[in-house]
Amino acid sequence: MSSNANIYHEMIVEYSRHPSNFGKIENPDVTYHDSNPLCGDSIDIFMNISDNKVSDIKFNGRGCAICMACSSVMTEIVKGKTIDEVKKIQKDDILGELGLQNLQAVRIKCALLSLKVLKYGIYTYLANKLNDTNADALKQEASALY
Amino acid sequence: MQTAISVEKIRKDFPILKRKVRNDKQLVYFDNAATSQKPLQVINAISDFYTNHNSNIHRAVHALAEEATQAYETTRDKVAQFLNIMDRQEIVFVRGTTEAINLVAYTWGRQNVKEGDIIVTTEYEHHSNIVPWQLLTQEKGAKLEYIGINDDGELLLDQLDTYLATGRVKLVAISQMSNVLGTITDMPEVMRKCKNAGVRVLVDGAQSVPHMKVDMQQLGCDFFAFSAHKMLGPTGVGVLWAKKELLEQMIPFHGGGDMIREVHKYETTWNDLPYKFEAGTPNIADVIGFSAALDYLNNLGMDYVRNHEIEITKYALEKMSAIKGIKVYGTKDILKRGGVISFNFADIHPHDLATIIDEDGVAIRSGHHCAQVLMERLDVAATSRASFYIYNTKEEVDILINSLDRAARLFKL
């Protein structure tokens, strides 16, 4: 049975007050926005790509502590990774960092909104800028996140 | 009579209140503005219908059909009595408040609202009393205007005067009680202004009818909508009340069985009111369940309901305002608000707060409460909301308060 017991540990609370890589990038190579209509969480993501790597990433928006912490961890993981590596990031890579593997279903959307935005952002970049016809799998993966 | 009612006795009628949730915590249900719990009387009425009387209504001549029809139609009479409605033909059963408002928008609205006309609503409406009017005004090239609120969450009714003075207002669509702030609208004043201007008024009673005495003759509006499920009844049942002269002029909302008098290949004549607006097999079992809910509230008396909520809300407001960092939205005047408390707690996001409180078994609501226009006005993304009903106790409020203390410790406030 999923439980919420102890999800509000030090790290989550700390990230919610002081998120990592929070802000905007002017004229980014990749940007994407999505929101969760149920709770109003809203995330924008900005990335610069050089040498096929994510040279910079920032996120902006507002959300609950779970959303802010997961977004922070995600940007920390993504920074410096190649696009192929970013494509392979799974939800448990992020949830695991924060001990949220057993997060209950109603809160999973808070945790995974930023990953969804990341995957859609990368998909859009691949499909539009690089004309990558294999990008559709990434879009499907993003929409299947929750 | 009042002294004979005890909350302990009421609670025995609600089996769900005995439930344990989340690691064996006693359930405390404070999400009544979303939907109320159901007493055994209602649950049993629905079960009894399917066990003993199940049949379609209005058509067949067999025994079951007669019993089902009678039970269904008796509910209509009880609604009439509950709200002091003179003519039972003015009571249309629908799925809920949302459908009732849409029915008016799609029929009366389409027939009467024209380009350049104005529909007035308020900043504290539920989406169900905003979106249908957006759809209608966009289709017709009409305008949607909002009566704003002051910092106490009360309507700035002077703005209504300004809109009415244009002479273009066709309808004022307004809730009698805000589902977020609990503000009780000054309906006599709204009605006085609108009547002077000869403007129709639709009242969203989803939050008012379950919690206070509503008298349709005293109110004097043109359309009134509410839902059964917020007043001990089942989901999927609501009522549209409208003046007969309006219902007679209005085109049908849905076409189909039961709403017709005669159907020919290319033309149809309509059934009498209210059946003209009840196309298809209605939600018979749940309408009958609603009957038991009305009986239950009648037995308590709506004065008891209101007074009990005032007592609990007053207690909760006192306790909550003693906690540093809690901001309560809406008026402090207990007589101007229902049993709804929307609040924020320092920088804790309402979803985090609701999750922490839920661990202690307390069900509150967090989010925009289907009132994003109001959230924008309050300049918040979301709020937490505790809302009370007949079975809630001060001891339960204490559990919420302890839980808020725990949240403060977790977030190091």
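Computed from a predicted structure; not experimentally measured.

**Remarks on the interface of chain B and chain A**
Item 1. Counting residues at the interface gives 16 residues for chain B, matched by 20 residues for chain A.
Item 2. Summing both sides of the interface, chain B and chain A together bury roughly 1600 Å²; the carbon and sulfur share of this comes to 48%.
Item 3. Summed over the shared surface of chain B and chain A, the number is three salt bridges.
Item 4. The salt bridge involving Asp352 of chain B is made with Arg107 of chain A; its shortest N-O contact spans 3.0 Å.
Item 5. Counting across the chain B and chain A interface gives seven residue pairs in polar contact (both at pLDDT 80 or more).
Item 6. Per-element tally for the side of chain B that touches chain A: the top contributor is helix α12 (residues 350–359) of chain B, with six residues.
Item 7. Here the side of chain B that touches chain A is built from residues that sort into six nonpolar, four polar and six charged.

**Description of helix α3 (residues 63–82) of chain B**
Residue and element names in this part refer to chain B.
Item 1. When the terminal C-alpha atoms of α3 are compared, their 29 Å separation across 20 residues agrees well with the 28 Å that a helix rising 1.5 Å per residue should span.
Item 2. Along α3, the residues that are buried comprise Ala65, Ala68, Thr69, Tyr72, Glu73, Thr75, Arg76, Lys78, Val79, Ala80 and Phe82.
Item 3. Packed against the buried residues of α3 are α2 (40–53), β4 (91–94), β9 (223–227), β10 (238–242), α10 (284–300) and α11 (302–321).
Item 4. Just past α3, the residue Asn84 takes up positive phi, approximately 55°.

**Digging into the packing of helix α2 (residues 65–78) of chain A against helix α5 (residues 105–129) of chain A**
Residues and elements named next belong to chain A.
Item 1. Taken N-terminus to C-terminus, the directions of α2 and α5 make an angle of 35°; their axes are 8 Å apart at the nearest point. Here α2 and α5 pass one another in a crossing that is right-handed. Contacts between α2 and α5 involve Ile66, Cys67, Cys70, Ser71, Met74 and Val78 from the former and Arg107, Cys110, Ala111, Ser114, Leu115 and Leu118 from the latter.
Item 2. Residue classes in the contact of α2 with α5 are distributed as nine nonpolar, two polar and one charged.

**Looking at the environment of Glu309 of chain B**
Item 1. Tracing the backbone shows Glu309 of chain B in helix α11.
Item 2. Among residues more than four places away in sequence, those in contact with Glu309 of chain B are His211, Gly339, Phe388 and Tyr389 of chain B.

**Side note on the pattern of salt bridges**
Residue and element names in this part refer to chain B.
Item 1. Taken as a whole and assessed by the stated rule, the structure comprises 34 salt bridges over all chains.
Item 2. Asp117 is the partner of Arg168 in a salt bridge, and the nearest nitrogen-oxygen pair spans 3.1 Å. Here Arg168, found in the loop between α6 (158–165) and β7 (169–175), pairs with Asp117, found in the loop between α4 (97–112) and β5 (118–122); they are 51 residues apart in sequence, far enough to count as distant.
Item 3. By relative accessible area, Asp117 is classed as buried at 4%.
Item 4. Note that Asp117 and Lys170 form a salt bridge whose closest N and O atoms lie 2.9 Å from each other. Of this pair, Asp117 sits in the loop between α4 and β5 while Lys170 sits in strand β7, and the two are 53 residues apart along the sequence.
Item 5. The exposure class assigned to Lys170 is partly exposed, which follows from its relative accessible area of 28%.
Item 6. Among the charged side chains, a salt-bridge network with shared partners connects Glu73, Arg76, Asp77, Arg88 and Glu278.

Cut-offs applied
- Residues numbered from 1 in each chain as written.
- Chains lettered and ligands numbered in written order.
- Predicted model: local features only at pLDDT ≥ 70, side-chain atom pairs only at ≥ 80, totals over all residues.
- Heavy atoms only, no water.
- Contact = heavy atoms within 4.5 Å.
- Buried area = accessible area lost by both parts, 1.4 Å probe.
- Salt bridge = Lys/Arg side-chain N within 4 Å of Asp/Glu carboxyl O.
- Polar contact = N/O pair within 3.5 Å; in protein donor to acceptor, adjacent residues only side chain to side chain.
- Helix = DSSP H or I, 4+ residues; strand = E, 2+ residues; numbered from the N terminus.
- Nonpolar A, V, L, I, M, F, W, Y, C, P; charged D, E, K, R; others polar.
- Expected span 1.5 Å × (residues − 1).
- Buried < 20%, exposed > 50% of the residue type's maximum accessible area, 1.4 Å probe, protein only.
- Axes fitted to C-alpha atoms, helices over the stretch in contact; angles between N-to-C directions.
- Left-handed = near helix turned anticlockwise from the far one by under 90°.

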